[in-house]
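# Inside the fold
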Amino acid sequence: MAIDTPLRKNASYGGGRRTTGVVRPRRRRAGRIWAKAVVALLLVVEIYPLLWMFLTSLKSNSDYLNNSTWSLPSTWEWGNYGEAWTTGHIGLYVRNSLLAVLPSLALILLLGTAAGFALQIMVWKGRGFTLLIFLTGIMVPSQMILLPLFTVYFQAGLSGTLWPLILTYTGTGLPLTVFMMATYYKTVPRELFEAATIDGAGILRAFWTISVPMVRNAVLTVGLVQFFFIWNDLLIALTFTNDQDLRTVQVGLLNFTGDFGATRYGPLFAAICINVLGTLVIYLFLNQKVMKGLTGGAVKG
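Residues numbered from 1 in each chain as written. Predicted model: local features only at pLDDT ≥ 70, side-chain atom pairs only at ≥ 80, totals over all residues. Heavy atoms only, no water.

## A look at the overall build of the protein chain
Looking only at helices and strands, the protein chain has 13 helices and zero strands in total. In the protein chain, the order of α-helices and β-strands from amino to carboxyl end is α-α-α-α-α-α-α-α-α-α-α-α-α. The burial tally for the protein chain puts 33% of its 301 residues in the buried class. Contacts spanning at least 24 positions in sequence make up 72% of the contacts within the protein chain whose residues lie at least 6 apart. Per element, the accessible surface of the protein chain, about 18,600 Å² overall, is 68% carbon and sulfur. (Helix = DSSP H or I, 4+ residues; strand = E, 2+ residues; numbered from the N terminus. Buried < 20%, exposed > 50% of the residue type's maximum accessible area, 1.4 Å probe, protein only. Contact = heavy atoms within 4.5 Å. Areas by Shrake-Rupley, 256 points an atom, 1.4 Å probe, with all protein chains shown as cover.)

Have a look at this one:
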């Protein structure tokens, strides 16, 4: 008769551990393979359209119309980029976009950061209700305000300039910016401002020297998000720009024509590549700071 000794129990237990130890690395290896496959698939989905767009920008007009969409260029037309810049006026459209986006972005960040500071750091009656009013601005579709704004800008004599774009972008971008900055300010310790007040610092000094450096990653993140929203806008720019010399990039690409009013697909895709490359380079340089800013507001609820 066999006796179940402690030695036999230990041997049985040890064998089970060895079996489990073999299975777990296999499961981990299989999980890594699936994760790499998913990442590879996502890379293909993201990179292939950019590659196709770049190759199409090097095709001639007859090559684009007569050959397959997925075929390589029969002749590499590098001159399409020069034609997009000169004949297609993409340089003028980029300049107009910068003249409309940069002032709007500066106003959005300045007013939104100051409002977030006032709503979270300063103590005063009605700040909760004021934040609720700002939040209602997120719920208003921009399509509903275009016609009244167009009438106001026309009566004020602002039509035919870039001021309607700057004012509209600032007004539509402020609600989300105020909400996000108020959320980020929750993570800033109140003790810093109490110590600054004891040392004799006023509100403006506490705002510029303490709060702004503490939330600079958040300001950069919100600024980048708002920059992409404004830069890629088509509806507002199409509504308020009635002159070719005032077209932004998106409106210019919509009405992109070559000589004699014919659409030149090679220069058109070259202009799209110029537009995409600029925004892509900006994001690649600011990528890490954006990640820090996105996680900064989630530290404290």
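## Quick look at the side chain of T113
On the secondary structure map, T113 appears in helix α4 (residues 90–120). In contact with T113, other than residues within four places in its own chain, are I108, M181, Y185, F207 and V219.

## Focus on the pattern of salt bridges
Considering all chains together, one arrives at one salt bridge under this definition. Between R264 and E83 there is a salt bridge, with the nearest N and O atoms lying 3.2 Å from each other. In this pair, R264 sits in the loop between α12 (249–254) and α13 (265–296) while E83 sits in helix α3 (residues 79–86), placing the two residues 181 residues apart along the sequence. (Salt bridge = Lys/Arg side-chain N within 4 Å of Asp/Glu carboxyl O.)

## With respect to the environment of S104
Within the secondary structure, S104 sits in helix α4. Along the primary structure S104 and I230 are separated by 126 residues, whereas in three dimensions their C-alpha atoms are 8.6 Å apart. Setting aside residues up to four positions removed in sequence, S104 forms contacts with L165, I166, Y169, T170 and I230. Reaching out from S104, the side chain makes a polar contact with the backbone oxygen of I166 at a distance of 3.4 Å. (Polar contact = N/O pair within 3.5 Å; in protein donor to acceptor, adjacent residues only side chain to side chain.)

## Some words on a positive patch on the surface
A surface patch of positive charge is lined by R26, R28, R29, R32 and K36. In this fold, R29 is placed in helix α1 (residues 6–56). For R29, a relative accessible area of 47% gives the class partly exposed. (Patch = residues over 30% accessible without salt bridge, like charges linked within 9 Å, V, L, I, M, F, W, Y side chains within 5 Å. Lys, Arg positive; Asp, Glu negative; His and termini not counted. Charge placed at Lys NZ, Arg CZ, Asp CG, Glu CD.)

## Remarks on the nonpolar core
In terms of nonpolar packing, the biggest core is built from 44 residues, with L165, Y169, M181, Y185, F193, V215 and L253 touching the most fellow members. Counting residues per element, this core draws most heavily on α4, which supplies eight residues. Every residue in contact with F193, bar those within four places of it in the chain, is listed here: F117, I121, V188, A206, I210 and S211. Core analysis: the next-biggest nonpolar cluster, separate from the first, contains six residues, L119, L131, V178 and A182 among them. (Core = buried A, V, L, I, M, F, W, Y, C linked by side-chain atoms within 4.5 Å.)

## Quick look at empty space enclosed by the protein
This structure, assessed with the given rule, holds one cavity of 30 Å³ or more. Each pocket or cavity is described by its volume, and for the largest cavity that value is around 40 Å³. As for the largest cavity, its lining consists of S97, V101, Y169, I230, W231, D233, A237 and T248. Those elements that provide at least two residues to the lining of the largest cavity are α4 and α10 (216–231). Its residues placed into classes, the lining of the largest cavity shows five nonpolar, two polar and one charged. (1 Å grid on protein atoms, 1.4 Å probe; cavity = no way out; pocket = protein on both sides within 12 Å on 5 of 7 lines; lining within 4 Å. Points joined across faces, edges and corners; volume = space filled by probe spheres on them. Nonpolar A, V, L, I, M, F, W, Y, C, P; charged D, E, K, R; others polar.)

## Here's the deal with the layout of surface pockets
Using a probe with the size of a water molecule, rolled over the atoms, empty space left in the structure can be pinpointed. Of the pockets and cavities examined, the largest pocket occupies roughly 450 Å³. S142, Y169, G171, T172 and G173 are, among the 21 residues lining the largest pocket, the residues nearest its centre. Within the residue set of the lining of the largest pocket, elements represented by two or more residues are α5 (127–139), α6 (146–155), α7 (163–185) and α10. Looking at which element gives the most residues to the lining of the largest pocket, the answer is α7, with eight residues. For the lining of the largest pocket, the class distribution of residues is 13 nonpolar, seven polar and one charged.

## Notes on the packing of aromatic side chains
Counted by the stated rule, this structure contains 14 aromatic pairs. Taking 5.9 Å as the distance between ring centres and 45 degrees as the angle between the ring planes, the aromatic pair formed by Y64 and F269 counts as tilted. Residue Y64 is found in helix α2 (residues 61–66), and its partner F269 is found in helix α13; the two are separated by 205 residues along the sequence. Here Y64 falls in the partly exposed class, since its relative accessible area comes to 24%. Measuring from ring centre to ring centre gives 6.3 Å for F150 and F240, while their planes differ by 15 degrees; the resulting arrangement is stacked. (Phe/Tyr/Trp six-rings, centres within 6.5 Å; stacked < 30°, edge-to-face > 60°.)

## Overview of the confidence of the model for the protein chain
Mean pLDDT over the protein chain: 83, with 86% of residues reaching 70 or higher. Averaged pLDDT values over the elements of the protein chain bottom out at 72 in α1 and peak at 93 in α4. Confidence drops under pLDDT 50 across residues 297–301; counting only partners more than four residues distant or on other chains, this segment forms seven contacts. (pLDDT = per-residue confidence, 0-100.)

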